[in-house]
Amino acid sequence: MELLCNAPAHASVPDRYVFPPEKRAALQLDGVDGPDDGVTLPVVDLHRAALSSDDGLRRRVAAEIVRAGKEFGFFQACDVLSLLELPSSDEIRVLVVNHGVGEDVVRGFRDAAAEFFVMPAEEKLPYCSDDQSKPFRLASSTSYDKSETRYWRDYLKLQCHPVSDELVRHWPAEPTSFRPRLAEFSEAAHELAQTLLSLVAEGLGLSAGFFAGDLSGGETQMNVNYYPPCPDPSLTLGLLPHCDRHLLTVLSQGDVAGLQARYNGRWLLVRPVPGAFVINFGHQMEIVTNGALASVEHRAITNSAVARMSVATLIMPKMECRIGPAPEMLDEVTNPAKFREFVFSEFMEAYDTAAASREDVLESFRIHRD
C-alpha cells in the first residue's frame, strides 16, 4: 500500500494527486464573487450548563448551541474562556468553553498517534488494509472517491468505544503509549458528545435523553487523518467535500489550519483554537430534526509547511436503528416530514453508493410532495 507518511518529502506533486482545475481548492476560493461579510458568533459555557442545577440556565445554554447549529452547522468547544477570538472575514468560529476534556488527555493521544505515523514502514505494514470491516486499519486517500486521483491523506480508521479488552487488542502495541492514551481520549470524547447531544435535544424541545439509546449507541468510530506537507497545495486536496454520515462529530484539529466548511456558497476556513474541539452535525441529525439542524459540507486542504493531523470521533447509531424525523419536529401543515423512515444500515449503503455526495445521498430518502 502506498502511504505518504512512508515516502521522503516530495519536490513536486505526483500526477496521481493532481486534481482537474475545476476541483482544486484555490480555483473554487478565487472564483467566488463578492466580499465575505464578518459574523458575530456566540460563546457557550458548556461546563456551567452541565453542572448547574438551574434549569433556566441549562435551557439558555442549550438554546445557544441550537442557534449556533442552525446558523453554521458546527461550532468549537474550548477548554477556557480566554481563548475566545472574534473571526476575521474569512473564518467561522463558534466556541463552547469549558468542555471538560483535559489538555493532557488530548495532547497525550495526539502525540501517540503522530508517533505511530512516523514509525518505520515495516512496523506499520501489518495494519495496512482497505478492508472496511476491520476494527483497526491504516490506509491512504479515501474509499469514497472512486476516481484515479488520490487525496493527500493517510489515515487510521478504528473502532474506539466502548473500550474493552477485546477491542484494545486490535490497537497497535507500539508506540507503547498508544493504547492507554487512545482509551483515555476515547472515553472523554464520548462523554463530551453525550453531554452535547443532551443539550441539543433540550434546545430543540425534546427530552434530554432523546438521542440516547440506539440513535447514538452504535460502535463509536474514529478517523485519525494525517496530511504531510504538500509541495503545491493549489493542485490537490486533503479530503473531498462531504457531509458526515452519522449523528455527531467531535473533532480535534490541532494547531494547523486545514478544515474548511461551506457557508452561504463559500468555503470558509475553520481556524484552530488551542485546546478546542470542532463539533459538527451529521446526516442523521439533519434527518431526525427534519432539516432544522443541517449537516454541513466540509473538506480538508493541505499546506506546504508542516504536517497536519486531525482526530475525528464519530457518534454512530446502531445499524438496526430505525431513523426518521422526530414527531415532535413535525407539523402536517407548516412542517411536514421531509425524509422517509429507514434503517441506518440502508443509509450506510446509500452513502457508499453516492460516494459521500450530500445531495445524492439525501435524495434517496427525501419525500417529494406535489
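Scroll up to find the structure.
Quick caveat: nothing in here was measured; it's all calculated off a predicted structure.

A. Up close: the sheet that holds strand E12 (residues 298-300). Taken in spatial order, the 4 strands make up an open sheet running E7-E12-E9-E10, and their pairing is antiparallel. Both outer strands of the open sheet, strand E7 (239-242) and strand E10 (266-269), are each paired with one neighbouring strand and no more. For this sheet the average axis-to-axis angle between neighbouring strands, irrespective of direction, equals 25 degrees. Judged from the 2 bridges that link them, E7 and E12 form a sheet pairing that is antiparallel. Looking at the pairing, Leu-239 lines up with Ala-300 of E12.

B. Here's a closer look at the pairing of E10. Because side chains alternate across E10, one face comprises the buried residues Arg-266 and Leu-268, and the other comprises Trp-267 and Leu-269, equally buried. Where strand E9 (residues 259-263) meets E10, 4 bridges bridge the pair, whose relative direction is antiparallel. Each residue of the ladder has a partner; that of Ala-261, found in E10, is Leu-268. Hairpin connection, E9 to E10: the antiparallel pair is bridged by 2 residues, and Asn-264 has positive phi, about 55 degrees.

C. Broad picture of empty space enclosed by the protein. Under the definition given, this model contains 3 cavities of 30 Å³ or more. Put simply, the largest cavity is a space of about 530 Å³. As for the largest cavity, its lining consists of 34 residues, and the residues nearest its centre are Asn-223, Leu-239, His-242, Asp-244 and His-298. Contributions of two or more residues to the lining of the largest cavity are made by strand E5 (154-161), strand E6 (220-227), E7, strand E8 (248-252), E9, strand E11 (277-281), E12 and strand E13 (308-315). Ranked by residues supplied to the lining of the largest cavity, first place goes to E13 with 4 residues. Class assignment of the residues belonging to the lining of the largest cavity gives a composition of 16 nonpolar, 11 polar and 7 charged.

D. Up close: the pairing of E8. The element E8 is largely enclosed, with a buried count of 5 among its 5 residues. Residues Leu-248, Val-250 and Ser-252 of E8 are buried on one face, and the alternating residues Thr-249 and Leu-251, pointing to the opposite face, are buried as well. Across 4 bridges, E8 lies against E11 in antiparallel orientation. Looking at the pairing, Thr-249 lines up with Asn-280 of E11. Sheet analysis places E8 next to E13, joined by 5 bridges and oriented antiparallel. Opposite Leu-251, over in E13, you have Ala-312 as the bridge partner.

E. Expanded view of helix H7 (residues 178-203). The end-to-end C-alpha distance of H7, which contains 26 residues, comes to 37 Å, matching closely the 38 Å that a straight helix rising 1.5 Å per residue would cover. Taken from the residues just after H7, Gly-205 is the one with a positive phi, measuring 85 degrees.

F. Just the pattern of salt bridges, in detail. Evaluation of the coordinates by the stated rule reveals 14 salt bridges. With a closest N to O distance of 3.7 Å, Asp-214 and Lys-318 form a salt bridge. Taken as a pair, Asp-214 in the loop between H7 and E6 and Lys-318 in the loop between E13 and strand E14 (322-323) lie far apart in primary sequence, 104 residues in all. We classify Lys-318 as partly exposed; its relative accessible area is 32%. Salt-bridge contacts for Glu-346 lead to Arg-340; the nearest nitrogen and oxygen are separated by 2.6 Å.

What counts, and at which threshold
Residues numbered from 1 in each chain as written. Predicted model: local features only at pLDDT ≥ 70, side-chain atom pairs only at ≥ 80, totals over all residues. Heavy atoms only, no water. Pairing = 2+ DSSP bridges. Helix = DSSP H or I, 4+ residues; strand = E, 2+ residues; numbered from the N terminus. Axes fitted to C-alpha atoms, helices over the stretch in contact; angles between N-to-C directions. Buried < 20%, exposed > 50% of the residue type's maximum accessible area, 1.4 Å probe, protein only. 1 Å grid on protein atoms, 1.4 Å probe; cavity = no way out; pocket = protein on both sides within 12 Å on 5 of 7 lines; lining within 4 Å. Points joined across faces, edges and corners; volume = space filled by probe spheres on them. Nonpolar A, V, L, I, M, F, W, Y, C, P; charged D, E, K, R; others polar. Expected span 1.5 Å × (residues − 1). Salt bridge = Lys/Arg side-chain N within 4 Å of Asp/Glu carboxyl O.

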